[in-house]
Each structure stands twice: as C-alpha cells, then as structure tokens.
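Working through the structure, step by step
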Amino acid sequence: MADRPWEAGLRLRNLQSQASVELRRGNFPAVRETNTAILKGKLPALTARQARLALANVARMLGHYPEANRLTNELLADPDSRSGGFWQQVQTARVSLLAAEGKTEAAVAVSREVAEAAQKEGRQTNRDDVEARVCGILAVDPAADARAAIRRCEAVLAGQTDKSSQSAAEVRLSLAEAYFRARQLPAAEASHRLAQTSFAAKQSINNLFYGRLLEAAIYEATGRVADAGVSRTAATTVFRQMVAAWPPKDQRSYLARPAAASEALDWAKRLVAVRSKTR
Amino acid sequence: MGSSGRSDSAIPILKQRAAAADTTQAQFNLAQALERANHLEESAAQYQQVLKRDPAQAAE
C-alpha cells in the first residue's frame, strides 16, 4: 500500500514520543536533538514552550548550566508561561537548576513557594514532584544535616499520593543517600532496593546508574567487598549503555556536574569516569 | 522487564500491520506499543524509522 502524504501532526507526535523514550533511556543528547527538531516546526505555542522546557531540563542534566539558565529565564519572562500547571513545571525546572548550581537555599525557598501554590490549586502531582526535588537537594547537600534530610524525605514520601510513581522512587533513592550519610546502613539498603526495583521496571537508566553507585558505596561500607565490586561493574555497564551514543563533550560535562558530586557517590563516579575514558 | 502483558500482546499484531500496510501511521502505532511495553530500544528504532520516511526530515 502506498504511503499517505506525511502529516505535520503525526511528525510532531512522533518527535514528542521519541523524546519521551530517549529521556527514559537516558539519551539526553538525543532528547536535545529531538526537541530542537520540534522547535523547527510550525507549532502551537504550548508545544513550543514545552519543547523549550524539555531543552532546559536536558541542558541541566548534561551540566550545560548557561544554556539551561538562558532557556529557563526565557520561559520565566514569557507571560504566556503563566498558566497554572505549566508555570509550576517551569518553576520546578528552576528549582532543579538552582540546586544543580549549588544554590541550595534559594532552591529550597523557591520550592516551598511552588509546593504551596500547587497545593492551593489542587495540583497534587506538581506538589509531589517539587517536594521530591527538595528531598533530593537536601539528601546530597554536604552542608545539610543528614538526619534533617531523612526527616524531610520521610515526610515527603509519606505525603506522596502515588507510591509507585517515578517521583516516589526518586524520593526513596534520596532517602537511601541520606540514610547512607547518617550511616544508617540497613535503612539505606532497604530504601535503595525499593527505588532500584521501581527504576528497573520503568527503565529509568539515569537513576539506575546512580542507584548502582550508591549500592556499591553501601556494600563497601558494610564490608561486603565482593558485592561492592559487582555493583561497581554493573554501574559501569549501565553508564556505558547510557552514554554509548553521546558526544564525548556531553559525557564529560555530565560527569563534571556539581550536583552529581554527592559525598557518597563521588569516589565511584570518578572510578566510572576513568574507566569510560579508557575503554 | 517491567512489561505489561496487555501491551506485549498487541505487538505481534501491530508488527504484522506495519509490515503489511507499510504506512507511517502503522509504524508510529507500533513504536508507541513498544514504548508502552517498555521495549525502549526497539521503540526508539521505530520512531527513527518513522522520521526517515519524512521527506522534510531527510532533507535536514
């Protein structure tokens, strides 16, 4: 059967779906490429803003902070961004970026405002997402008290509406990091295991990578040297799978992100970085 | 890993349709079913295939 003429709508839906798959696969450079292609089309305004937001988030995840700041500021300055749900997504991106740049206090302050606004407007999913960000910020911040981070993250997890969501799994991973920092190792292992099961089911490869690094650190701290070695190998395998199609520049900036330099994971991150350069 | 049985069961049918009909829409439907079933590698490859059919994309 002959193909029908290409339809712009189908092309756009294809690009959006493709970006969503590449995001789950952790192929951030491909997400950037796909959203750049989306922006080249004649688009409804909301779609263009969503593509910009995706680009801002991906630039942050890759450690390209000037680009992430430029895109986020463009969205913040755009009056049309101010519709409830989308505005909260932009603010959540801003929170994540502030945290990634090490501006923890500002990130927590903005996130409080966003969570309160989301609560008032009945946007529970937005509230859960931003609360999960705060938990992640405090869990890895060396300046934040680990026990305070645990209390905050436990409260955040208890308040999450959907305990099987991606954001609940991210809170569990953050909790595991906070438990690890407080040397509550059995709790760290249990929380990590629940998070990892969820990330495996969702094939959230970026989180699987960090989960494996944390797992190696937990095993090493509990004297299970052989298990730690297995986890490090698994982390390296996941990392190589994730970055296989990435340009070297993106690999370097991803590993150099200050946000990735949590106390628990730093040593393992360096190990993986060294191995990836020598492959 | 993490596949839904319901999504999985549709995949062989959609593969047959995509092969028989050979249309952009059929390939797109297959890509979406693969995504829902967590077959992300195959899904990404299908989305790429759909884009390759687009003359505008090919010209870029």
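All values derive from a computational prediction rather than experimental measurement. (Residues numbered from 1 in each chain as written. Chains lettered and ligands numbered in written order. Predicted model: local features only at pLDDT ≥ 70, side-chain atom pairs only at ≥ 80, totals over all residues. Heavy atoms only, no water.)

1. Looking at the overall build of chain A
Here is the rule: A run of H or I in DSSP counts as a helix once it spans at least four residues, and a run of E counts as a strand once it spans at least two, with each numbered from the N terminus. When accessible area is computed with a 1.4 Å probe and restricted to protein chains, residues below 20% of their type maximum are described as buried, those above 50% as exposed, and intermediate ones as partly exposed. In what follows, residue pairs with any heavy atoms lying within 4.5 Å of each other are defined as contacts.
Assigned secondary structure in chain A consists of 14 helices and zero strands. Listing each helix as α and each strand as β along chain A from the N terminus yields α-α-α-α-α-α-α-α-α-α-α-α-α-α. In chain A, which comprises 279 residues, the share counted as buried stands at 55%. At a minimum sequence separation of 6, the contacts of chain A that also span at least 24 residues come to 62%.

2. Looking at the overall build of chain B
This is how it is decided: To measure how exposed things are, a 1.4 Å probe is used in the Shrake-Rupley method; for residues, cover is taken only from the protein chains shown.
In terms of regular secondary structure, chain B is built from four helices and zero strands. When the helices and strands of chain B are listed from N to C terminus, the series reads α-α-α-α. For chain B, the residues scored as buried account for 42% of the 60 residues in total. When contacts within chain B are restricted to residue pairs at least 6 apart in sequence, those whose partners lie at least 24 apart make up 40%. Split by element, the accessible area of chain B, about 3200 Å² in all, is 51% carbon and sulfur.

3. Focus: the environment of A:Leu55
Residues and elements named next belong to chain A. Note on placement: Leu55 falls in helix α3 (residues 45-61). Remark: the alpha-carbon pair of Leu55 and Ala155, spanning 100 residues in sequence, is separated by 31 Å. Ignoring any residue separated from it by four or fewer positions in sequence, one finds Leu55 in contact with Arg32, Asn35, Thr36, Leu39 and Leu71.

4. A closer look at the packing of helix α1 (residues 8-24) of chain A against helix α3 (residues 40-52) of chain B
Put simply, the test is: What counts as an axis is a line fitted to C-alpha atoms, over the stretch in contact for a helix, and the angles between N-to-C directions run from 0 to 180 degrees. For this classification, under 35 degrees means roughly parallel, over 145 means roughly antiparallel, 65 to 115 means roughly perpendicular, and everything else is oblique. Two helices cross in a left-handed way if the nearer one is turned anticlockwise from the farther one by less than a right angle. They cross in a right-handed way if the turn is clockwise. Under the grouping applied here, Gly and all other residues not named as nonpolar or charged are polar, the nonpolar ones being Ala, Val, Leu, Ile, Met, Phe, Trp, Tyr, Cys and Pro and the charged ones Asp, Glu, Lys and Arg.
As a packed pair, α1(A) and α3(B) sit with axes 10 Å apart at the nearest point and diverge in direction by 150°. Regarding the angle of α1(A) to α3(B), the classification is roughly antiparallel. For the element pair α1(A) and α3(B), the recorded crossing hand is left-handed. Listed contacts from α3(B) to A:Arg11, A:Asn14, A:Leu15, A:Ser17, A:Gln18, A:Val21, A:Glu22 and A:Arg24 of α1(A) are B:Leu40, B:Ser43, B:Ala44, B:Tyr47, B:Gln48, B:Val50 and B:Leu51. In terms of residue class, the contact of α1(A) with α3(B) is made up of seven nonpolar, five polar and three charged.

5. Some thoughts on the packing of helix α9 (residues 166-181) of chain A against helix α11 (residues 205-221) of chain A
All names here are of chain A. Running from N to C, α9 and α11 point in directions that differ by 25°, and their axes come no closer than 11 Å. Here α9 is positioned roughly parallel relative to α11, judged by the angle of their axes. Every pair of crossing elements has a handedness; the one defined by α9 and α11 is left-handed. Across the interface between the two elements, Gln166, Glu170, Leu173, Ala176, Glu177 and Phe180 of α9 pack against Asn207, Tyr210, Gly211, Leu214, Ala217, Ile218 and Ala221 of α11. Residues that form the contact of α9 with α11 fall into these classes: eight nonpolar, three polar and two charged.

6. Quick look at unusual backbone geometry
Residues apart from glycine generally show negative phi values, whereas peptide bonds are mostly found in trans. Despite not being glycine, A:Arg183 shows a phi value in the positive range, around 55°. On the secondary structure map, A:Arg183 appears in the loop between α9 and α10 (185-202). Classification of A:Arg183 as exposed rests on a relative accessible area of 52%. In the Ramachandran plot, B:Asn38 falls in the positive-phi region, its phi being about 70° despite a non-glycine side chain. On the secondary structure map, B:Asn38 appears in the loop between α2 (24-36) and α3. Under the relative-accessibility criterion, B:Asn38 is labelled buried at 7%.

7. Let's talk about the state of the cysteines
Residues and elements named next belong to chain A. Put simply, the rule reads: Disulfides are defined as pairs of cysteine sulfur atoms found within 2.5 Å of each other.
Evaluation of the coordinates by the stated rule reveals one disulfide over all chains. Linked covalently through their sulfurs, Cys135 and Cys153 form a disulfide whose S-S length is 2.1 Å. Disulfide Cys135-Cys153: torsion about the S-S bond near 115°, hence right-handed. One end of the pair, Cys135, is in helix α7 (residues 124-140); the other, Cys153, is in helix α8 (residues 146-159), and 18 residues separate them in sequence. Using a relative accessible area of 0% as the deciding quantity, one classes Cys135 as buried. For Cys153, a relative accessible area of 0% corresponds to the buried category.

8. Details of the packing of aromatic side chains
All names here are of chain A. For clarity, the threshold we go by: Paired rings are identified among Phe, Tyr and Trp, the last through its six-membered ring, by centres lying within 6.5 Å, and are further divided according to the angle between planes into stacked (under 30 degrees), edge-to-face (over 60) and tilted (the rest). When the NZ atom of lysine or the CZ atom of arginine is within 6 Å of a ring's centre and also within 35 degrees of its normal, the charge is said to sit over that ring.
One pass over the full model with this rule turns up eight aromatic pairs over all chains. Between Phe209 and Phe239 the ring centres are 5.1 Å apart and the planes differ by 40°, which places this aromatic pair in the tilted class. Of this pair, Phe209 sits in helix α11 while Phe239 sits in helix α12 (residues 225-243), and the two are 30 residues apart along the sequence. The buried category is assigned to Phe209, whose relative accessible area is 0%. Ring pairs connect the aromatic residues Phe28, Phe209, Tyr210, Phe239, Trp246 and Tyr254, which therefore count as one cluster. The aromatic ring of Phe86 is capped on one face by Arg49, whose charged end is 5.9 Å from the ring centroid. Geometry around Phe180 places Arg183 over its ring, the cationic atom sitting 4.7 Å from the centre.

9. Describing the layout of surface pockets
So the rule is basically this: Using a grid of 1 Å spacing that covers the protein atoms alone, one calls a set of points a cavity when a 1.4 Å probe fits there but cannot get out, and a pocket when the set is open and has protein on both sides within 12 Å along at least five of seven lines; lining residues are those with an atom within 4 Å of a point. Grid points are joined across faces, edges and corners, and a volume is the space filled by probe spheres set on the points.
Taken as a whole, the second largest pocket spans an internal volume of roughly 330 Å³. A:Arg25, A:Gln203, A:Ile205, A:Gln241 and B:Glu41 are, among the 17 residues lining the second largest pocket, the residues nearest its centre. Elements with a minimum of two residues in the lining of the second largest pocket: α10, α11 and α12 of chain A together with α3 of chain B. Grouping the amino acids of the lining of the second largest pocket by side-chain chemistry returns ten nonpolar, four polar and three charged.

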